[in-house]
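Take a look at the letters that make up each chain.
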Amino acid sequence: MANKTKNVIKNKAFNYLIAASLLILSSCSSKTDTEISVEGETQSIIEDAYHLTTNQFLSSKMAFGRMVPGSFHEVVKANGMFDVPPENRAYVSCYFGGIVKDIRLLPGERVKKGQVLFTLENPDYVQMQQDFLEAKGQLVYLKSDYERQKNLAQDNVTSQKNYIKSESDYTVTKVKVESLSKKLGLMNINPNTLTLENMRTTIIVMSPISGYVTEVAISRGAFLNPSELAVSIVDTDHLHLELNIFEKDLSKVKIGQQIQFRTQGDESNFKQATVYLVNKTVDAEKRTIGIHGHLSDEKPADTFNPGMYVEAEIYTSTSSKMSLPQDAIVDIDGKYYVLVLQDSIGDSYNFIKKEVKTGLSNNSQVEILNAYDFKEDTEFLVKGAFNLIKE
């Protein structure tokens, strides 16, 4: 029995000797993570330690920082595109068919309201002008005859039948003149200045709005049928967002909420908008709802075009959380770590790796859920932690 007890004590002493040796060796290393066990029980854990000289710290452009409150947003993801109001889009055609005589437009070209877009030619235009001038000439005679018959009827010199006929002829011709006058106006021909000498076989088609040409569907020599698309124009002065959200998020979105959006190829450059309208109809197939957003600053709208795809986040609520910069946090196999300044001795810095639990994030900060594990004045390595841990 005494020999057995002696052996146990001997074994324990040997184990403690090994543990002490490991501890001494670990203190000489710049990075340690050792668990010391005796007879299957963990006695202590020494966390990863990192050591840097002042020169290494400065040459690597590292920096310290503390945990600070940051603004974090509950967001609803959305996607969509740029668009313009219906009144800022025009599809130009013509009420009267004709051969395209002249057109000098290219997609992307800027046009002003009232600018001539193209010219059409058709002999039928002359016939309409002729009918107007003839009806206008007849109207002068019929008006005179009507007034004469009216006076005679009042004096009982002529029959009522003649008076009624003259009134009818005058009214019918007057309606015809007015009708032809309106048609000539649609042809951009001024009926008040039209004479026998200035009748023409061509008409001009002008731009109804100012904007940019997006499509030219005709060419010189082609026949343009009435109401057929010739040119499309869009005015980008009032560009807005047309976004889609899933119906499950509808209760979170309200008018006036802030929108952060970006375009493809410019992922880091966020622009701002606000929710202006929320559609009341759910898309039966996609189960989405339309959101209409107004840009907070319309000056950069010149760099966007209708139809461009955008990704957006609608901020539904905002709260303040303790946070660290994104560069201070290193992801290792799904766990997140930071480097905490342990002490500064002479020209060297000593850090310890600590695990953190992350929550919400914004463009630069990450919420730290276990902020209570650290003191208020704890210094963190906020620049350079990734390179140091991954070495």
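For every chain, the first residue of the written sequence is number 1, and numbering continues from 1 along that sequence. It should be noted that, the model being predicted, local features are given only for residues of pLDDT at least 70 and side-chain atom pairs only at 80 or more, the latter also being counted only at that level, while totals for whole chains, interfaces and linings use all residues. Values shown for side chains rest on all heavy atoms present in the structure; no hydrogens or waters enter the calculation.

Q: Quick one: what's the story with the overall build of the protein chain, residue by residue and with numbers?
A: Counting from the N terminus, the helices are DSSP H or I runs at least four residues long and the strands are E runs at least two residues long. Secondary structure summary: the protein chain contains five helices and 24 strands in total. Buried residues are those whose accessible area, probed at 1.4 Å on protein chains only, stays under 20% of the maximum for their type, while exposed residues exceed 50% and partly exposed ones sit between those limits. A burial count over the protein chain gives 34% of its 391 residues as buried. Restricting to contacts in the protein chain with at least 6 residues of sequence separation, those with at least 24 account for 70%. The accessible surface values rely on the Shrake-Rupley method and a 1.4 Å probe; as for residues, cover is taken only from the protein chains in view. Surface accessibility of the protein chain: about 24,000 Å² in total, with carbon and sulfur atoms responsible for 51%. Here, two residues are considered to be in contact whenever any of their heavy atoms come within 4.5 Å of each other.

Q: A description of the environment of Ala-222 should follow, citing residues and the corresponding values.
A: Mapped onto the elements, Ala-222 comes out in the loop between strand E11 (211-216) and strand E12 (223-224). With 122 residues separating them along the chain, Ala-222 and Val-100 place their C-alpha atoms 5.6 Å apart. Every residue in contact with Ala-222, bar those within four places of it in the chain, is listed here: Gly-98, Ile-99 and Val-100.

Q: Explain the nonpolar core to me, and be specific about the residues and the numbers.
A: Soluble globular proteins tend to bury their nonpolar side chains together. Nonpolar core, defined: a set of buried Ala, Val, Leu, Ile, Met, Phe, Trp, Tyr and Cys residues in which side-chain atoms within 4.5 Å join the residues together. Core analysis: the biggest nonpolar cluster contains 36 residues, and Phe-118, Leu-120, Met-187, Leu-224 and Val-231 have the highest contact counts within it. Those elements that place two or more of their residues in this core are strand E6 (89-92), strand E7 (98-103), strand E9 (116-121), helix H3 (124-154), helix H4 (160-186), strand E10 (202-206) and strand E13 (231-234). In terms of nonpolar packing, the next biggest core, distinct from the first, is built from 22 residues, Leu-241, Ile-259, Ile-291 and Ile-314 among them.

Q: Requested: an account of H4, with residues and values cited.
A: The end-to-end C-alpha separation of H4 is 40 Å, in line with the 39 Å expected for 27 residues at 1.5 Å each. Within the sequence span of H4, burial applies to Tyr-163, Ser-166, Tyr-170, Thr-173, Val-177, Leu-180 and Leu-184. Buried residues in H4 make contact with H3. Just beyond H4, the residue with positive phi is Asn-188, at close to 60°. By this rule the span expected of a helix is its residue count minus one, scaled by 1.5 Å.

Q: Describe the packing of aromatic side chains, and please don't skip the residues or the numbers.
A: Two numbers describe a pair of aromatic rings. These are the distance of the centres and the angle of the planes. Within 6.5 Å between ring centres, the rings of Phe, Tyr and Trp (the latter by its six-membered ring) count as paired, and their orientation is classed by plane angle as stacked under 30 degrees, edge-to-face over 60, tilted in between. Applying the stated criterion across every chain, the model contains eleven aromatic pairs. Centre to centre, the rings of Phe-64 and Phe-351 are 5.9 Å apart; their planes meet at 35°, and the pair counts as tilted. With a gap of 287 residues between them, Phe-64 in strand E4 (residues 63-65) and Phe-351 in strand E21 (residues 348-356) connect regions that are remote in the sequence. The partly exposed category is assigned to Phe-64, whose relative accessible area is 28%. Residue Phe-351 is classed as buried on the basis of its relative accessible area of 0%. With a centroid separation of 5.8 Å and an interplanar angle of 80°, the aromatic rings of Phe-82 and Phe-261 are classed as edge-to-face.

Q: Quick one: what's the story with the packing of H3 against H4, residue by residue and with numbers?
A: As a packed pair, H3 and H4 sit with axes 8 Å apart at the nearest point and diverge in direction by 150°. Accordingly, the angle class assigned to the pair H3 and H4 is roughly antiparallel. Like other packed secondary-structure pairs, H3 and H4 cross with a definite hand, here left-handed. Looking at the contact of H3 with H4, its residues break down into twelve nonpolar, eight polar and ten charged. In this analysis an axis means a line fitted to C-alpha atoms, helices contributing only their contacting stretch, and an angle means the value between N-to-C directions, from 0 to 180 degrees. Each angle is binned into one of four classes, with values under 35 degrees roughly parallel, values over 145 roughly antiparallel, values of 65 to 115 roughly perpendicular, and all other values oblique. A clockwise turn of the near helix away from the far one marks a right-handed crossing, whereas an anticlockwise turn of less than a right angle marks a left-handed crossing. Residue polarity follows a fixed list, in which Ala, Val, Leu, Ile, Met, Phe, Trp, Tyr, Cys and Pro are nonpolar, Asp, Glu, Lys and Arg are charged, and the others, Gly among them, are polar.

Q: With reference to specific residues and values, describe the pattern of salt bridges.
A: Salt bridges are defined by distance alone: a side-chain nitrogen of Lys or Arg within 4 Å of a carboxyl oxygen of Asp or Glu. As enumerated under the stated definition, the model contains twelve salt bridges in all. We note a salt bridge from Asp-145 to Arg-148, for which the minimum N-O separation is 3.0 Å. Placement of both Asp-145 and Arg-148 in helix H3 is noted, with a separation of three residues, approximately one turn of the helix. When its relative accessible area of 45% is taken as the criterion, Arg-148 is described as partly exposed. Across the pair Arg-287 and Glu-247 runs a salt bridge, and its minimum N-O distance is 2.8 Å. In this pair, Arg-287 sits in the loop between strand E16 (271-282) and strand E17 (288-295) while Glu-247 sits in the loop between strand E14 (240-246) and strand E15 (258-263), placing the two residues 40 residues apart along the sequence. Exposure remark for Glu-247: the relative accessible area of 36% places this residue in the partly exposed category. Each of the salt bridges in this network shares a partner with another, and the network as a whole consists of Asp-102, Arg-104 and Arg-220.

Q: Tell me what's going on with the sheet that holds strand E8 (residues 110-111), and back it up with residues and numbers.
A: Pairing is antiparallel in the open sheet, where four strands are placed in the order E6-E13-E11-E8. The strands lining the two open edges of the sheet, one partner per strand, are E6 and E8. Note on pairing: DSSP must find at least two bridges between two strands before they are called paired. Inspection of the sheet shows E6 paired to E13 by four bridges, in the antiparallel sense. Across the sheet, the residue bridging to Val-92 is Val-231, located in E13.

Q: Give me the lowdown on the sheet that holds E7, citing residues and values where you can.
A: Here four strands make up an open sheet; going across it, the order is E10-E9-E7-E12 and the pairing antiparallel. In this open sheet, the two edge strands, each paired with only one partner strand, are E10 and E12. Where E7 and E12 come together, two bridges link them in antiparallel fashion. Note that in E12 the partner of Ile-99 across the bridge is Phe-223.

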